[in-house]
Amino acid sequence: MAISVNLIFFARNAIKKVIDRRDIIIVIDVLRFSSSVINAFANGAKEIIPTKTLSEAYKLRKQYPNYVLAGERKGLKPYRFDLGNSPLEFKESVIKGKKLIFTTTSGTQTLVSIKSDNWVFIGGFLNARTVGLKAYEMARKENVGICIILAGKKGAFSLEDFLGGGAIISNIPLNEINLSDIGIASLMAFKQVENSLFEIISLSEHAKELLKLGLENDIKFSCMLNCFEIAPIYRDKIIKII
Ligand code: MLT
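My aim in this report is to walk through the structure given alongside it, one point at a time. (Residues numbered from 1 in each chain as written. Predicted model: local features only at pLDDT ≥ 70, side-chain atom pairs only at ≥ 80, totals over all residues.)

### With respect to the environment of Lys46
Counting through the fold element by element, Lys46 comes out in the loop between helix 2 (30-42) and strand 3 (47-50). In the structure, Lys46 is positioned 40 residues away from Ser86 in sequence and 18 Å away in space, judged by C-alpha atoms. Not counting chain neighbours up to four residues away, the residues in contact with Lys46 comprise Gly97, Lys98 and Lys99. (Helix = DSSP H or I, 4+ residues; strand = E, 2+ residues; numbered from the N terminus. Contact = placed C-beta atoms within 7 Å.)

Structural data, given as structure tokens:
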């Protein structure tokens, strides 16, 4: 039977259905949560505990003083945090072999709102091929569908996550899946701009905010396609790589 592949904007009701169907989930927050997580693992991070609130993050840090505390609010590093949410801050010299506590405005909130034992991948342009193929392989094995959830900005549509969804779908064999209309639209949009991702994504609302903060290099980095063969998985409240 063909695997169903769907893409949804973050919405509580829709997520419940996805969980009940046992879909393999891929959460995308290209700017910048997904890209930071992928680069953290590329540079040797051991595991990441995502939290919804700053106070949970501070509390965990008290409990685990050796963990690296990272994240953002309004794009900036919160008070007493070790790192912000610039993917480029997650350098080997800082995080190799370390465990992290991570909280961001939309990315970690989307992730922790998925309260289930479904497989949940974290995807972006940086790992689009690997995460697409792994999710497909797993969906085949378990005979379930795939659902790509766009974190967007506090639940609103965001261009970069929509294009990221298309990038991931472009790696799944099309003749073997039932792709939803919105999935087709994201694939078509991605195909149209795949050679100018940075230029197009720089026009997006979120990128403009980051540009105002002088974070152009974060956008450039996050727009690099298929740089890492890393598929972070969120399970039992922890992000790890498999
Ligand atoms: C988020 O999760 O809202 C972000 O990754 C925002 C950002 O730091 O660019």
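### Examining the site of the ligand
If you check the shell around the ligand, you find Asp29, Leu31, Arg32, Phe33, Glu72, Gly75, Asn85, Thr104, Thr105, Ser106, Gly107 and Leu210 and nothing else. Sorting elements by how many residues they give to the shell around the ligand places helix 2 first, with three residues. Of the residues in the shell around the ligand, the class split is three nonpolar, six polar and three charged. (Near = placed C-beta within 6 Å. Nonpolar A, V, L, I, M, F, W, Y, C, P; charged D, E, K, R; others polar.)

### Considerations on the packing of helix 7 (residues 159-169) against helix 8 (residues 181-193)
Running from N to C, helix 7 and helix 8 cross one another at 90 degrees; their axes reach a closest spacing of 7 Å. The orientation of helix 7 relative to helix 8 falls into the category roughly perpendicular. Contacts from Phe162, Leu163, Gly165, Gly166, Ala167 and Ile169 in helix 7 reach Gly183, Ser186, Leu187, Ala189, Phe190 and Val193 in helix 8. Among the residues making up the contact of helix 7 with helix 8, the classes are represented as eight nonpolar, four polar and no charged. (Axes fitted to C-alpha atoms, helices over the stretch in contact; angles between N-to-C directions. Parallel < 35°, antiparallel > 145°, perpendicular 65-115°, else oblique.)

### Examining helix 7
Burial runs high along helix 7: 11 of the 11 residues are buried. Looking only at helix 7, the buried set comprises Leu159, Glu160, Asp161, Phe162, Leu163, Gly164, Gly165, Gly166, Ala167, Ile168 and Ile169. (Buried ≥ 20, exposed ≤ 12 C-beta atoms within 10 Å, placed from the backbone.)

### A closer look at the environment of Gly44
Following the sequence through the fold, Gly44 ends up in the loop between helix 2 and strand 3. Among the residues examined, Gly44 registers 15 C-beta atoms within 10 Å and is labelled partly exposed. Put simply, Gly44 and Gln109 are 65 residues apart on the chain and 24 Å apart in space, counted from C-alpha to C-alpha.

### Quick look at unusual backbone geometry
Leaving glycine out, the prevailing phi sign among residues is negative, and the prevailing peptide bond configuration is trans. Cis geometry is found at the peptide bond from Leu31 to Arg32, where omega equals -5 degrees. Structurally, the position occupied by Arg32 is in helix 2. Of note in this structure, Arg80 is not a glycine but carries a positive phi near 65 degrees. You can see Arg80 is positioned in the loop between strand 4 (68-71) and helix 4 (92-95).

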